[in-house]
Amino acid sequence: MTRAAIPGLPSRYPIGELLPALYADDDLAQRFTAGLDTVLAPVLSTLDNLPAYFDPSLAPADFLPWLASWVGVEADPAWPVELRRAVVARAVELHRWRGTRRGLIERLRLCCGVHADVRDGGGATWSAEPGATLPPPPTGELLVRVWPVREGVAVDAQRVLDVAAASCPVHLTCRVEVLPGPPGEPEQTGS
């Protein structure tokens, strides 16, 4: 979409009406200012609607990448417009949880429409008892197990892997498992 000259867009503030009364009946002055109105109408319309440009749910679709750059988020152009709007709208909240299990789960739910169970292979633990056993050595792997939010919806494993890998700490590898339902739930067999 272009915000240049839009044929037929009326100006809310016609310049000809703002001229002194002496030029109200001057045909040349009125035609000249009408030409300026045609050029300025899109600019004035944009300025009148400027707050809408900063609201991800109202901004024009071609404005979303620029708005996304303001909040430091990558919204894949291949995603549907409504998903890109939601990612931009929730970017600050998701940045707050970046690098955490909760942040990854929320990002996967938003971007991929899946529930997730994240198991990281870290080796940190604490104990109130002296001499407690040490944690097992780190596996160096982040295991992301996902299942669809709604039954019958296919999960795009590559997209899940891309989103998870972008949020995964650099020192861990990321592995994705697609499950038919929540972990621990018995698999249903068809009859």
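Residues numbered from 1 in each chain as written. Predicted model: local features only at pLDDT ≥ 70, side-chain atom pairs only at ≥ 80, totals over all residues. Heavy atoms only, no water.

Considering the state of the cysteines
Summed over the entire model, instances satisfying the criterion amount to 0 disulfides. Here C168 is not disulfide-linked; the sulfur of C174 is the nearest cysteine sulfur, at 4.8 Å. (Disulfide = S-S within 2.5 Å.)

What about the layout of surface pockets?
To find leftover empty space, a probe the size of one water molecule is rolled over the atoms. Its volume calculated, the largest pocket comes out at about 540 Å³. Forming the boundary of the largest pocket are 29 residues, of which L104, R107, V163, S167 and C168 lie nearest the centre. Every element with two or more residues in the lining of the largest pocket is listed here: α6 (91-96), α7 (101-112), β1 (114-120) and α8 (157-167). Here the element with the most residues in the lining of the largest pocket is α8; it accounts for 5 residues. Classifying every residue of the lining of the largest pocket by side-chain character gives 14 nonpolar, 7 polar and 8 charged. (1 Å grid on protein atoms, 1.4 Å probe; cavity = no way out; pocket = protein on both sides within 12 Å on 5 of 7 lines; lining within 4 Å. Points joined across faces, edges and corners; volume = space filled by probe spheres on them. Helix = DSSP H or I, 4+ residues; strand = E, 2+ residues; numbered from the N terminus. Nonpolar A, V, L, I, M, F, W, Y, C, P; charged D, E, K, R; others polar.)

Notes on a nonpolar patch on the surface
Where nonpolar side chains cluster on the molecular surface, the patch consists of F32, L36, V39, L40, V43, L47, L50, F54, W66 and W70 and spans about 980 Å² of accessible area. Sorting the residues of the nonpolar patch by element identifies α2 (27-48) and α4 (64-70) as the ones contributing at least two each. Sort the elements by how many residues they give to the nonpolar patch and α2 lands first, with 6 residues. Positionally, F54 belongs in the loop between α3 (50-53) and α4. The exposure class assigned to F54 is partly exposed, which follows from its relative accessible area of 38%. (Patch = residues over 30% accessible without salt bridge, like charges linked within 9 Å, V, L, I, M, F, W, Y side chains within 5 Å. Areas by Shrake-Rupley, 256 points an atom, 1.4 Å probe, with all protein chains shown as cover. Salt bridge = Lys/Arg side-chain N within 4 Å of Asp/Glu carboxyl O. Buried < 20%, exposed > 50% of the residue type's maximum accessible area, 1.4 Å probe, protein only.)

Section: α8
Helical geometry note: an α-helix holds 3.6 residues per turn, so side chains three or four residues apart project in the same direction. When α8 is considered as a whole, its buried residues turn out to be V160, V163, A164 and S167. Viewed along the axis of α8, the buried residues span an arc of 95°, placing them on a single side of the element. In this structure, the buried residues of α8 make contact with α7, β2 (141-148) and β3 (173-178). Taking the backbone nitrogen of Q158 as reference, a side-chain oxygen 3.3 Å away marks D156 as the first, capping residue of α8. (Arc of directions from axis to C-beta. Contact = heavy atoms within 4.5 Å. Polar contact = N/O pair within 3.5 Å; in protein donor to acceptor, adjacent residues only side chain to side chain.)

Focus: the side chain of R107
Relative to the helices and strands, R107 is located in helix α7. Of the side chains bearing the opposite charge, E74 lies closest to the buried R107, which forms no salt bridge; the N-O distance is 8.7 Å. Excluding its chain neighbours within four sequence positions, the residues that come into contact with R107 are V73, L94, C112, V163 and S167. (Lys, Arg positive; Asp, Glu negative; His and termini not counted.)

Topic: the sheet that holds β3
Strands sit in the order β1-β2-β3 across an open sheet of 3 strands; the sheet is mixed. Only two strands of the sheet have a single neighbouring strand rather than two, namely β1 and β3. Sheet twist, expressed as the average angle between the axes of neighbouring strands with direction ignored, equals 20°. Sheet analysis places β2 next to β3, joined by 6 bridges and oriented parallel. By the bridge assignment, V146 is partnered in β3 with V178. (Pairing = 2+ DSSP bridges. Axes fitted to C-alpha atoms, helices over the stretch in contact; angles between N-to-C directions.)

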